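In case you want the letters, here they are:
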2 protein chains.
Amino acid sequence: MVPQKVTIAALEGIPLIAEGDDLAGHICVGMDRAGFEAKASDVLVVAQKVVSKTEGRFLRLDSLTPGPRAYELAAATGKDPRFVEAVLAESVEVVRYRPGVIVVETHHGIVMANAGIDRSNVDADLVLLLPRDPDASAEALRTRLLERYGESPAVVISDSVGRAWRNGTVGLAIGAAGLPALLDRRGARDLYGRPLEVTMLGYADSIASAAGLVMGEGAEGCPAVLVSGLDWPRDTSLPASALIRPKQEDMFR
Amino acid sequence: MVPQKVTIAALEGIPLIAEGDDLAGHICVGMDRAGFEAKASDVLVVAQKVVSKTEGRFLRLDSLTPGPRAYELAAATGKDPRFVEAVLAESVEVVRYRPGVIVVETHHGIVMANAGIDRSNVDADLVLLLPRDPDASAEALRTRLLERYGESPAVVISDSVGRAWRNGTVGLAIGAAGLPALLDRRGARDLYGRPLEVTMLGYADSIASAAGLVMGEGAEGCPAVLVSGLDWPRDTSLPASALIRPKQEDMFR
Ligand SMILES: Nc1nc2c(ncn2[C@@H]2O[C@H](COP(=O)(O)OP(=O)(O)O)[C@@H](O)[C@H]2O)c(=O)[nH]1
Ligand SMILES: Nc1nc2c(ncn2[C@@H]2O[C@H](COP(=O)(O)OP(=O)(O)O)[C@@H](O)[C@H]2O)c(=O)[nH]1
Ligand SMILES: [Mn+2]
Ligand SMILES: [Mn+2]
Ligand SMILES: [Mn+2]
Ligand SMILES: [Mn+2]
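Residues numbered from 1 in each chain as written. Chains lettered and ligands numbered in written order. Predicted model: local features only at pLDDT ≥ 70, side-chain atom pairs only at ≥ 80, totals over all residues. Heavy atoms only, no water.

Next up on the list: the sheet that holds strand S2 (residues 43-47) of chain B. Across the sheet, ten strands lie side by side as S9(A)-S8(A)-S2(A)-S12(A)-S1(A)-S1(B)-S12(B)-S2(B)-S8(B)-S9(B); this open sheet has mixed pairing. Where the open sheet ends on each side, the last strands, each with one partner, are strand S9 (170-177) of chain A together with strand S9 (170-177) of chain B. With direction set aside, neighbouring strand axes in the sheet form an average angle of 25°. Helix H6 (residues 203-215) of chain B rests against strand S1 (5-10) and S9 of chain A together with strand S1 (5-10), S2, strand S8 (154-161), S9 and strand S12 (224-228) of chain B of the sheet, and its axis sits at about 120° to S9 of chain B. (Pairing = 2+ DSSP bridges. Helix = DSSP H or I, 4+ residues; strand = E, 2+ residues; numbered from the N terminus. Axes fitted to C-alpha atoms, helices over the stretch in contact; angles between N-to-C directions. Contact = heavy atoms within 4.5 Å.)

Quick look at the structure:
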């Protein structure tokens, strides 16, 4: 079940991505140039940012007219009311806020700061929203690679997020296809033959965090990495939405 | 700053660990057998469980006499009152509880379920506590490797934890030495030359999550992995305690 060695390798040469660009095509070029074969046992991790760019999820800040709630939250947090308007439009609930921070539940159900909208690596005056349906984006990328190669790595779409009790951001899986984003180890046993106490692994989240070590957050220009050597039950698959804890089971809201 | 390729490799042949065992010695044997050199640019990730074992952090469940608070919480959560007594003894605050779950702040300041006490991969009737001071444990391991090789990888002590808003466990750094557990990217720029918006990375947490992909949670017998190819500013170092968000900055308690 568990591998001896995992590698995380950058796909190089991906250009700045604009709306409508053929991201899958650029990824294939990166795979070919590096001599990587498309294997169903590998995982391609792609940064949210380039997926959103190719899907045209840009908004012009000055096209936005903040409502009263946006002005209120902007005053309380010190943020641009137009930016807050964009955050609210992407959210179903404001979970917490205070100066500098707005934590919401996005329309996907993900609890995160600013509904995942950030402006790093995005052209000035624009904000970039999360993909509308990141699991579908992952599936679509996987289909493109399947068509191209006859076989495809699993696909994870990652984003960098803060956490409730910890400083610093880590990578998280917001979309997934071709692997169990949540890995069920029920029935597995420990070194003493006893059933495991904790059986659900945040598998795609761990893969996204690992990938983030190679992607970086700045001008690295590395929005896609290939993770090789993992070993999951090949007949199981769950989208990243399976990683979302339903609100009624959440003790921290 | 960011690498092209990172590898995560298991150190094989580590036996079942008991109190007082020479964990550093076993790790060195594993390094040597695999032909790994000790490099300051690598990270050795070690599972909490074997660190706790070697430090003798075992308790016999039937040596514990639950107090009234433990009986109360045991009734509310359906847990063994003696186990709850152990959790309370390791905690400074009960943060949330409900059937099946107790989330506490440990004496280290970490917010986690059951104060990190679990019984998987531990001999029957015993429970295993977290190391008393995991940053010191990491530093001590690093010192032993330095003595042995003249150079040492950074050391991260990992544990598997649940999260507030997400299903599934991921690896977290509870101890670290020789690297910046929290990586400060202030001053870095994005692809457009603008300063990054989010500048603090949960670096050691991401490394722990990556390592967890190779360690597994069950009978794999792989409590130590070597992560190679990372690239951090070599003159910076912060312990894992830097990853703990102080309670007064925590919006979710
Ligand atoms: N080649 C390329 N890299 C990009 C582009 N946008 C972002 N990146 C890179 O993708 C990685 C992750 O960037 P980040 O802004 O943290 O993305 P996020 O975590 O998905 O929000 C970094 O290496 C960026 O330099 C792009 O349009 N083209
Ligand atoms: N060789 C060896 N492996 C162990 C021992 N205890 C745990 N492990 C392995 O360490 C890895 C992590 O185990 P886990 O119980 O999840 O540890 P934790 O995450 O630190 O609480 C798994 O591969 C276990 O099989 C031990 O005493 N010896
Ligand atoms: Mn993002
Ligand atoms: Mn990022
Ligand atoms: Mn543990
Ligand atoms: Mn574990």
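Relating one copy of the chain to the other takes a rotation about an axis and a shift parallel to that axis. Screw-axis analysis of chain A against chain B gives a translation of 0.0 Å along the axis, an RMSD of 0.0 Å, and a rotation angle of 180°. In short, the pair behaves as if placed about a two-fold rotation axis. Both copies contact each other with a shared surface, as 100% of the interface residues of chain A are interface residues in chain B too. (Least-squares fit on C-alpha atoms with pLDDT ≥ 70 in both.)

Another aspect to go through is the pairing of S2 of chain B. All names here are of chain B. Summarising burial for S2: five of the five residues are buried, a large majority. Neither face of S2 is open: one carries Val43, Val45 and Ala47, the other Leu44 and Val46, and all of them are buried. As defined by bridge partners, S2 adjoins S8 across five bridges and the pair is classed as parallel. Bridge assignment links Leu44 to a residue of S8, and that residue is Val155. Bridge count between S2 and S12: four bridges; the pairing is antiparallel. For Val43, the partnering residue across the bridge sits in S12 and is Val227. (Buried < 20%, exposed > 50% of the residue type's maximum accessible area, 1.4 Å probe, protein only.)

A few words on the coordination of the manganese ion (ligand 4). Under ideal tetrahedral coordination, the four donors around a metal are separated by 109.5 degrees; under ideal octahedral coordination, the six donors are separated by 90 or 180 degrees. All names here are of chain A. At 2.1 Å from the manganese ion (ligand 4) lie its protein donor atoms, namely Ser160 (OG) and Glu217 (OE). Taken as a pair, the manganese ion (ligand 4) and the manganese ion (ligand 3) lie 5.2 Å from each other. Here Ser160, found in strand S8 (residues 154-161), pairs with Glu217, found in the loop between helix H6 (203-215) and strand S12 (224-228); they are 57 residues apart in sequence, far enough to count as distant. Judged by relative accessible area, which is 31%, Ser160 ranks as partly exposed. (Donors = N, O, S within 2.8 Å, 3.2 Å for Na, K, Ca; no water.)

Another aspect to go through is the site of ligand 2. Ile14, Met215, Glu217, Gly218 and Gly221 of chain B are the nearest of the 25 residues found near ligand 2. What surrounds ligand 2 is not a single chain but chains A and B. Interatomic distance of 3.0 Å between a side-chain N/O atom of Ser160 of chain B and an oxygen atom of ligand 2. Met215 of chain B has a polar backbone atom sitting 2.7 Å from an oxygen atom of ligand 2. (Near = heavy atom within 4 Å. Polar contact = N/O pair within 3.5 Å; in protein donor to acceptor, adjacent residues only side chain to side chain.)

Turning our eyes to something else, we now look at helix H1 (residues 23-34) of chain A. Residues and elements named next belong to chain A. Taking 1.5 Å of rise per residue, the twelve residues of H1 would be expected to cover 16 Å, and the 17 Å separating its terminal C-alpha atoms lies within 8% of that figure. When we look at burial in H1, the residues that qualify are Leu23, Ala24, Gly25, Ile27, Cys28, Gly30 and Met31. Residues of H1 that are buried in the fold lie against strand S2 (43-47), helix H2 (48-54), helix H5 (134-149) and S12. Immediately beyond the C-terminal end of H1, within one or two residues, lies Gly35, with a positive phi of roughly 75°. (Expected span 1.5 Å × (residues − 1).)

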